[in-house]
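Spelled out, the chains give:
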Amino acid sequence: MILLADGGSTKVDWCLVDKGQLVKQVFTKGINPFFRSREDISDEIRTALLPQLTGYTIDKVYFYGAGCAFPDKNEIVRASIADHIKASNIEVGSDLLAAAKGLCGKNKGIACIIGTGSNSCFYDGQKIVENVSPLGYILGDEGSGAVLGRLFLGACLKNQLTPGLKEKFLEQFKLTPALILEKVYKEPMPNRFLASLSPFLKENINDETVYALVYNAFKDFFVKNVMQYDYKNNVVHLTGSLSYYYQDVINRVGADLGLKIGTIVQLPMEGLIKYHSEHYVRV
C-alpha cells in the first residue's frame, strides 16, 4: 500500500491506496514546516493519523505540502513521518509538484495552482524545470483569491463598482470602510480575509464591473506567469478552488490569449493516486 498526502497550512488530506484503489481517507490539521516544529508535526501524526491506519502495512509514503520546497524543511516532515510509519520509502515534495503530477501525469505541460495564492510551473513529465516565482499577494499571486479580494476592495472603496453594488457588499458582510482597513492593515493573515470575499464576486460575476475585474486578474496571471513558459507548444492545466469555480472565465481568457487550456480540477488528489499507482506497479 502507498500513503499519499496533499497538505496545506490548514489541513492535510491523507489517502491510503492499494493497487490504484482508495482504501481510506484521513484528514488532519495542516502540516507546514515553516509554522510547525518537528515535535509538533510528529505529535500530529501520532495522535491524528496513526490511529486511523491501524492494521495496514504501508510500503511507501509520498507527502506533498505547502512549505515543502526546501531540503531542510522537507527533512522535518520526512523525519516526523518516519517516527511513526516504518515505510521502505518516504518522499516529501512541494504542493506545486503535487499539482504537476496530478494534472500532467507523466506528460510534460504547464501546471498552475490558483487558490488563496497562485503558482505555476513547467513540468517535463518527471520534475519541475521552470517556475516563475509567485511572490505573494502583495507583489504577485496574480489571479488568486487574495488578489481578487484586494482588487475588489480597492474598486469598492474608490467607488469604481456598478451603483448599488458597494452598498450590497458592505451590508452582506457587515463591513464598513474603517473595518475593512482594520482587517487589511492591522489584523493577522489579511490574505485569508481578502480571499474570503471571492464567493461574493462569484455570486455577482454577471455584473459588468465584477466580470471585468476577475477577467483582468486571470489575464494578469497568464501574461505574467504562464506565458513565460513554452505555452504555444504545451497545454495549461489548473487546480485550486479559484480555478475550479471560475473556470468559465479562465477558459474565456485562455482562448483570448491563444492558450491551450486542459484539465481544471479543484484538487489534484485523484490524479496523484493515478500517477503513483501506475508508477508503483511499473517499478
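Report follows, based on the coordinates. Small disclaimer: the values here were computed from a predicted structure and weren't measured.

About the criteria used
Residues numbered from 1 in each chain as written. Predicted model: local features only at pLDDT ≥ 70, side-chain atom pairs only at ≥ 80, totals over all residues. Heavy atoms only, no water. Helix = DSSP H or I, 4+ residues; strand = E, 2+ residues; numbered from the N terminus. Rg over C-alpha atoms; globule rule 2.2 N^0.38 Å. Buried < 20%, exposed > 50% of the residue type's maximum accessible area, 1.4 Å probe, protein only. Contact = heavy atoms within 4.5 Å. Areas by Shrake-Rupley, 256 points an atom, 1.4 Å probe, with all protein chains shown as cover. Lys, Arg positive; Asp, Glu negative; His and termini not counted. Charge placed at Lys NZ, Arg CZ, Asp CG, Glu CD. Salt bridge = Lys/Arg side-chain N within 4 Å of Asp/Glu carboxyl O. Pairing = 2+ DSSP bridges. Axes fitted to C-alpha atoms, helices over the stretch in contact; angles between N-to-C directions. Core = buried A, V, L, I, M, F, W, Y, C linked by side-chain atoms within 4.5 Å. Parallel < 35°, antiparallel > 145°, perpendicular 65-115°, else oblique. Left-handed = near helix turned anticlockwise from the far one by under 90°. Nonpolar A, V, L, I, M, F, W, Y, C, P; charged D, E, K, R; others polar.

Below, the discussion takes up the overall build of the protein chain. When you go through the protein chain residue by residue, the secondary structure sums to 13 helices and 10 strands. Expected size for 283 residues packed as a compact globule is a radius of gyration near 19 Å; at 20 Å, the protein chain falls within 12% of this value. Dimensions of the protein chain, computed from C-alpha atoms along their principal axes, come out at roughly 60 × 45 × 30 Å. In the protein chain, which comprises 283 residues, the share counted as buried stands at 49%. Here the analysis covers contacts within the protein chain between residues at least 6 apart in sequence; of these, 65% occur between residues at least 24 apart. Split by element, the accessible area of the protein chain, about 13,800 Å² in all, is 52% carbon and sulfur. The positive charge centre, built from 31 side chains, and the negative charge centre, built from 30, are 1 Å apart in the protein chain.

In total, this model carries 11 salt bridges according to the counting rule given. For glutamate 75, the salt bridge is made with arginine 78, and the minimal N-O distance between the two is 2.9 Å. With glutamate 75 and arginine 78 both in helix 2 (residues 71–82) and three residues apart, the pair spans about one turn of that helix. Residue glutamate 75 is classed as partly exposed on the basis of its relative accessible area of 37%. Across the salt bridge formed by aspartate 220 and lysine 224, the nearest N and O atoms sit 3.4 Å from each other. Here the residue aspartate 220 and the residue lysine 224 both occupy positions in helix 10 (residues 208–224), the gap between them amounting to four residues, near one helical turn. Overlapping salt bridges bring together Arg36, Asp40 and Glu44 as one network.

Strand order in the open sheet formed by five strands is 3-2-1-4-5, and the pairing between neighbours is mixed. Of all the strands in the sheet, just strand 3 (21–29) and strand 5 (89–94) have a single pairing partner and so form its edges. Strand-to-strand twist in this sheet, taken as the mean axis angle between neighbours without regard to direction, amounts to 15 degrees. Inspection of the sheet shows strand 1 (residues 2–7) paired to strand 4 (residues 60–65) by six bridges, in the parallel sense. Across the sheet, aspartate 6 pairs through a bridge with tyrosine 64, a residue of strand 4. Contacts between helix 1 (residues 38–49) and the sheet are confined to strand 1, strand 2 (11–18) and strand 3, with strand 3 contributing the most and set at about 125 degrees to the helix.

Membership of the largest hydrophobic core comes to 43 residues, with the highest contact counts inside it found for Phe169, Val214, Phe222 and Val226. For this core, the elements supplying multiple residues, two or more each, are strand 6 (109–114), helix 5 (145–157), helix 6 (165–172), helix 8 (190–195), helix 9 (198–203), helix 10, strand 9 (235–239) and helix 12 (247–257). No other element matches the eight residues that helix 10 contributes to this core. Those residues in contact with valine 214 that lie beyond four places of it in its chain are Leu148, Leu201, Ile205, Tyr246 and Val249.

Our focus in this paragraph is the packing of helix 5 against helix 10. Relative to each other, helix 5 and helix 10 sit at 140 degrees, their axes nearing to 10 Å. Regarding the angle of helix 5 to helix 10, the classification is oblique. The two elements helix 5 and helix 10 meet at a crossing, and its hand is right-handed. Between helix 5 and helix 10, the residues in contact are Leu148, Leu151, Phe152 and Ala155 and Leu213, Val214 and Ala217, respectively. Per-class residue counts for the contact of helix 5 with helix 10 are seven nonpolar, no polar and no charged.

All right, on to unusual backbone geometry then. Of note, lysine 19 is a non-glycine position whose phi angle comes to about 55 degrees, a positive value. Looking at where lysine 19 falls in the secondary structure, it is placed in the loop between strand 2 and strand 3. For aspartate 141, which is not glycine, the phi dihedral falls at a positive 55 degrees. Secondary-structure assignment places aspartate 141 in the loop between helix 4 (136–139) and helix 5. Overall, aspartate 141 belongs to the buried group, its relative accessible area being 9%.

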